[in-house]
Amino acid sequence: MIRQYVVSGSEIRRKRLHDLAAAAGLATTDYSARVVHGDPSLQIIAMEQEYDCDLIVVGKHGLHIAEELLLGSVTRHVLAESQCDLLVICDPRQAPDESP
């Protein structure tokens, strides 16, 4: 039963990736999509090494980025373990309001 949920979830996520790429105007030959199971930070580092990446782009939502970096997180682990540059994109709709 668990295996069935993992497979079903992977199919849904793969479709979402393809839909996002299509919305961005990318042809299927312009990108590759992989859905992997496991600890996100470990999987990101493994893919960085497999593809010999120069840049990792991580999307953030939820806590403000400064708070998230000070607390433990996938972003913090990737920052500590990666051998390449890291670009963190924050979703402004989710960040708390900041007063000057």
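Preceding this section is the structure that the text describes.
Report follows, based on the coordinates. (Residues numbered from 1 in each chain as written. Predicted model: local features only at pLDDT ≥ 70, side-chain atom pairs only at ≥ 80, totals over all residues. Heavy atoms only, no water.)

## Observations concerning the overall build of the protein chain
Note the cut-off: In this description a helix means any DSSP run of H or I spanning at least four residues, a strand means any run of E spanning at least two, and both kinds are numbered starting from the N terminus. In this scheme, a residue with accessible area under 20% of its type's maximum is buried, one over 50% is exposed, and one in between is partly exposed, where area comes from a 1.4 Å probe on protein chains only. Here, two residues are considered to be in contact whenever any of their heavy atoms come within 4.5 Å of each other. All accessible areas in this document rest on Shrake-Rupley with a 1.4 Å probe, and a residue is counted as covered only by the protein chains that are shown.
Check the secondary structure of the protein chain and you find four helices and two strands. For the protein chain, the N- to C-terminal ordering of α and β elements is α-α-β-α-α-β. Per-residue burial over the protein chain gives 19% buried out of 100 residues. Considering only contacts in the protein chain between residues 6 or more positions apart, those separated by 24 or more positions represent 61%. Counting every atom, the protein chain has about 7,800 Å² of accessible surface; 55% of that belongs to carbon and sulfur.

## Quick look at a nonpolar patch on the surface
Stated precisely, the cut-off is as follows: Patch rule: a residue counts if its relative accessible area is over 30% and it has no salt bridge; like charges are joined within 9 Å, and nonpolar side chains (Val, Leu, Ile, Met, Phe, Trp, Tyr) within 5 Å. One speaks of a salt bridge when a side-chain nitrogen belonging to Lys or Arg is within 4 Å of a carboxyl oxygen belonging to Asp or Glu.
Taken together, the side chains of Leu-55, Val-57, Leu-87 and Ile-89 present a nonpolar region at the surface, about 350 Å² in accessible area. Mapped by element, the contributors of at least two residues to the nonpolar patch are strand E1 (55-60) and strand E2 (85-90). Along the polypeptide, Val-57 turns up in strand E1.

## Some thoughts on the packing of helix H2 (residues 40-51) against helix H4 (residues 74-81)
Selection rule: Inter-axis angles, ranging from 0 to 180 degrees, are taken between N-to-C directions of lines fitted to C-alpha atoms, where helices are fitted over the stretch in contact. Here a crossing is taken to be left-handed if its near helix is turned anticlockwise relative to the far helix by less than a right angle, and right-handed if that turn runs clockwise. Classes in brief: Ala, Val, Leu, Ile, Met, Phe, Trp, Tyr, Cys and Pro nonpolar; Asp, Glu, Lys and Arg charged; the others, Gly included, polar.
The geometry of H2 relative to H4 is characterised by a closest axis approach of 9 Å and an angle of 35° between their N-to-C directions. For the pair H2 and H4, the sense of crossing is right-handed. In this structure, H2 uses Pro-40, Ser-41, Leu-42, Ile-44 and Ile-45 to contact H4, whose residues at the interface are Val-74, His-77, Val-78 and Glu-81. Looking at the contact of H2 with H4, its residues break down into six nonpolar, two polar and one charged.

## Quick notes on the layout of surface pockets
Test applied: With a 1 Å grid laid over protein atoms only, a set of points is called a cavity when a 1.4 Å probe fits there but cannot get out and a pocket when it is open yet has protein on both sides within 12 Å along at least five of seven lines; lining residues have an atom within 4 Å of a point. Grid points are joined across faces, edges and corners, and a volume is the space filled by probe spheres set on the points.
By volume, the largest pocket is sized at about 950 Å³. Around the largest pocket sit 21 residues that line it, and Leu-17, Arg-34, Ile-44, Met-47 and Val-57 are the ones nearest its centre. Elements with a minimum of two residues in the lining of the largest pocket: helix H1 (2-23), H2 and E1. With six residues, the single largest contributor to the lining of the largest pocket is H2. Split by residue class, the lining of the largest pocket holds 16 nonpolar, three polar and two charged.

## Comments concerning the nonpolar core
Just so we agree on the cut-off: In plain words, nonpolar cores are sets of buried Ala, Val, Leu, Ile, Met, Phe, Trp, Tyr and Cys residues tied together by side-chain atoms within 4.5 Å.
Membership of the largest hydrophobic core is limited to six residues, which are Ile-45, Ile-56, Val-58, Val-78, Cys-84 and Leu-86. For Cys-84, the contacting residues outside a window of four places in its chain are Glu-48, Cys-53, Asp-54, Leu-55 and Ile-56.

## Description of the pattern of salt bridges
One pass over the structure, following the stated rule, counts two salt bridges. Between Lys-15 and Asp-19 there is a salt bridge; the shortest N-O distance is 2.8 Å. Remark: Asp-19 and Lys-15 occur in helix H1; sequence separation between them is four residues, near one turn of the helix. By relative accessible area, which is 41% here, Asp-19 ends up partly exposed.

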